[in-house]
Amino acid sequence: MNNDNRNNIGNNGEDRFSTLDIDGINDLYYQERRSAPPNKNQPNKPHNSAHDLAKIFVLLASIIVLIIIVYTAAVGILGFAHQSSAETTTAPSLTLPTTATSATTLGIIGTSTTSGTVLPITTETTVSTSKITTATTETTQTTQTTVNVYNPKYENAVIFIDAGHGGHDVGAIGELSGTEYYEKDINLSVALLLCEELEKRGFTVVTSRDTDEFIELADRAAMAVDADAHMFISLHCNSFSDSAVYGPRMYYTARSGLTYNGEKFAQYFTNAFNSVKTKFSNMKSSRNYTDSSVLGKNKYYAVLCNTNMPSILIEMGFITSERDLTMLIDGDWQQEVAKAVADAVENAYNAGMVTKK
């Protein structure tokens, strides 16, 4: 073996140092060194431990980097899988109530009520104030074609609303499909809706009753006079022995001593009911009426005889007519009538129909 080969053996030993067991490499290295004669021309190379440590450090660093890469890739894969699972998972749906209590209870009856309909009553009962509910502003806005806003100029205008009959005085009685309906309840329902409509526009409203109670006829007119009312409106349902007779009618005070035009005043309310007819084709056109009985003896018109302001008694329809009764107990119809009558009040007031005797 020549010197070059011996030197190669030493070099190979150093190369193998990085991959073999250190003790085994030392044995092989020194065995070769002992068996080979010394080479005087080439000095002995010292063992480079720093070089070996650098290689070990690089190896460890490579392993650490590899671990980081593998960990990062695993986290990314798991995160993507989780996101995909979340995207494909159906979100739980909210459980909503299948029914909701209506904000509107139209029609005031001694028994329970439902929205938009006056329920029948078979016996005379007393309706507590808590059972009397009128339409809310939200419902009004859905049924009105226009929204009437508050007007400060109406604040000093006092409108007296009289819901005819009440308490033990049930008024006229209508029958529909074998069920009886009392006039007093229909009158009160529309009156409360009308009060709400007028107050929204800025009018001051005074009522003869806002519950199912009996008020004497003479007291109703006296209450309006005491309130210094600018207008008096009494709401009723008509009746007749012939069930074929139907349609609204207006009665106004025609006696002397009042300086306003009673017929023109009544015409505003006639026009109001005719406007409702455009939405309810079964209605008959409204008519203006005056009668000498308003001058004194007929008790039915006592409220017109004793008032000293523009006054009108509105017969909204014939409760004895199945055609009219179907509308009289309809909550939507009641709401439209309340709005139309409020329009008539506003128009009459703006026309100066507030003169007292």
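Criteria and thresholds
- Residues numbered from 1 in each chain as written.
- Predicted model: local features only at pLDDT ≥ 70, side-chain atom pairs only at ≥ 80, totals over all residues.
- Heavy atoms only, no water.
- Helix = DSSP H or I, 4+ residues; strand = E, 2+ residues; numbered from the N terminus.
- Buried < 20%, exposed > 50% of the residue type's maximum accessible area, 1.4 Å probe, protein only.
- Areas by Shrake-Rupley, 256 points an atom, 1.4 Å probe, with all protein chains shown as cover.
- Pairing = 2+ DSSP bridges.
- Core = buried A, V, L, I, M, F, W, Y, C linked by side-chain atoms within 4.5 Å.
- Contact = heavy atoms within 4.5 Å.
- Axes fitted to C-alpha atoms, helices over the stretch in contact; angles between N-to-C directions.
- Polar contact = N/O pair within 3.5 Å; in protein donor to acceptor, adjacent residues only side chain to side chain.
- Parallel < 35°, antiparallel > 145°, perpendicular 65-115°, else oblique.
- Left-handed = near helix turned anticlockwise from the far one by under 90°.
- Phe/Tyr/Trp six-rings, centres within 6.5 Å; stacked < 30°, edge-to-face > 60°.
- Lys NZ or Arg CZ within 6 Å of the ring centre and 35° of its normal.

*Asks:* What should I look at first to understand the overall build of the chain in this one?
*Replies:* For the chain, the count of helices and strands is 10 helices and eight strands. Counting the 357 residues in the chain, one finds 41% classified as buried. Surface summary for the chain: the accessible area is close to 19,500 Å², and the carbon and sulfur share equals 54%.

*Asks:* I would appreciate a short explanation of the pairing of strand 1 (residues 158-163) in the present structure.
*Replies:* Residues in a regular strand point their side chains to alternate faces of the sheet. Burial within strand 1 is extensive, with six of its six residues counted as buried. Residue alternation in strand 1 divides its side chains into two sets, Val158, Phe160 and Asp162 and Ile159, Ile161 and Ala163, and both sets are buried. Pairing geometry for strand 1 and strand 4 (residues 204-207), over four bridges, is parallel. Residue isoleucine 161 lies in a different strand from strand 4, and its bridge partner there is threonine 207. As defined by bridge partners, strand 1 adjoins strand 5 (residues 231-238) across five bridges and the pair is classed as parallel. Each residue of the ladder has a partner; that of aspartate 162, found in strand 5, is serine 234.

*Asks:* I tried to follow the nonpolar core on my own but got confused; where do I start?
*Replies:* Soluble globular proteins: nonpolar side chains tend toward being buried together. With 54 residues, the main nonpolar core has Ile161, Ile233, Phe269, Ile314, Met316 and Trp333 as its most contacted residues. Mapped onto this core, the elements with two or more residues apiece are strand 1, helix 5 (183-201), strand 5, strand 6 (249-252), helix 7 (262-277), strand 8 (311-318), helix 9 (322-328) and helix 10 (331-350). Among the elements that make up this core, the one with the highest residue count is helix 10 (10 residues). Residues contacting methionine 316, with those up to four places away along its chain left out, are Ile186, Asn187, Val190, Leu235, His236, Cys237, Pro248, Phe273, Leu328, Trp333 and Val337.

*Asks:* Any chance you could explain the sheet that holds strand 6 here in plain terms?
*Replies:* The pairing of strands in a sheet happens through backbone hydrogen bonds and is either parallel or antiparallel. With respect to topology, six strands assemble into an open sheet ordered 4-1-5-8-6-7, the strand pairing being mixed. Pairing within the sheet leaves two strands with one partner each, and these edge strands are strand 4 and strand 7 (287-289). Sheet twist, expressed as the average angle between the axes of neighbouring strands with direction ignored, equals 25 degrees. Against the sheet, helix 6 (residues 217-226) touches strand 1, strand 4 and strand 5, its axis set at about 170 degrees to strand 1.

*Asks:* How should the side chain of histidine 165 be read in this particular structure?
*Replies:* Locating histidine 165 in the fold gives a position in the loop between strand 1 and strand 2 (173-176). The buried category is assigned to histidine 165, whose relative accessible area is 14%. Reaching out from histidine 165, the side chain makes a polar contact with the side chain of aspartate 169 at a distance of 2.9 Å. Among the polar contacts made by the side chain of histidine 165, one reaches the side chain of glutamate 183 at a distance of 3.3 Å. Among all residues touching histidine 165, those that are not within four sequence positions of it are Val170, Gly171, Glu183, Lys184, Asn187, Arg209, Glu213, Arg220 and His236.

*Asks:* Sorry, what's going on with the environment of tyrosine 150 here?
*Replies:* As for its position among the elements, tyrosine 150 is in the loop between helix 4 (137-143) and strand 1. Judged by relative accessible area, tyrosine 150 falls into the partly exposed class, the value being 44%. Linking tyrosine 150 and leucine 198, residues 48 residues apart in sequence, is a C-alpha distance of 9.2 Å. For tyrosine 150, the residues in contact, after removing those within four places along its chain, are Glu155, Glu199, Lys200, Arg201 and Gly202. Here glutamate 155 takes part through its side chain, which lies 2.7 Å from a polar atom of the side chain of tyrosine 150.

*Asks:* Mind showing me how you'd approach the packing of helix 7 against helix 10 here?
*Replies:* What describes two packed helices is the angle between their axes and the distance between those same axes. The geometry of helix 7 relative to helix 10 is characterised by a closest axis approach of 8 Å and an angle of 150 degrees between their N-to-C directions. In terms of axis orientation, helix 7 runs roughly antiparallel to helix 10. Crossing of helix 7 against helix 10: the hand is right-handed. Where helix 7 approaches helix 10, its residues Phe265, Tyr268, Phe269, Ala272, Phe273, Ser275 and Val276 are matched on the opposing element by Trp333, Glu336, Val337, Ala340, Val341, Ala344, Val345, Asn347 and Ala348.

*Asks:* Can you help me understand the packing of aromatic side chains in this one?
*Replies:* Describing an aromatic ring pair means giving the distance of the ring centres and the angle of the ring planes. Evaluation of the coordinates by the stated rule reveals six aromatic pairs. Residues phenylalanine 203 and tyrosine 349 carry aromatic rings whose centres are separated by 5.9 Å and whose planes lie at 90 degrees to one another, so their mutual orientation is edge-to-face. One end of the pair, phenylalanine 203, is in the loop between helix 5 and strand 4; the other, tyrosine 349, is in helix 10, and 146 residues separate them in sequence. In textbook terms, an aromatic cluster arises when at least three aromatic residues are bridged by ring pairs, as seen for Tyr154, Phe203 and Tyr349. Over the ring of tyrosine 246 we find lysine 284; its NZ or CZ atom is 5.4 Å from the centre of that ring.

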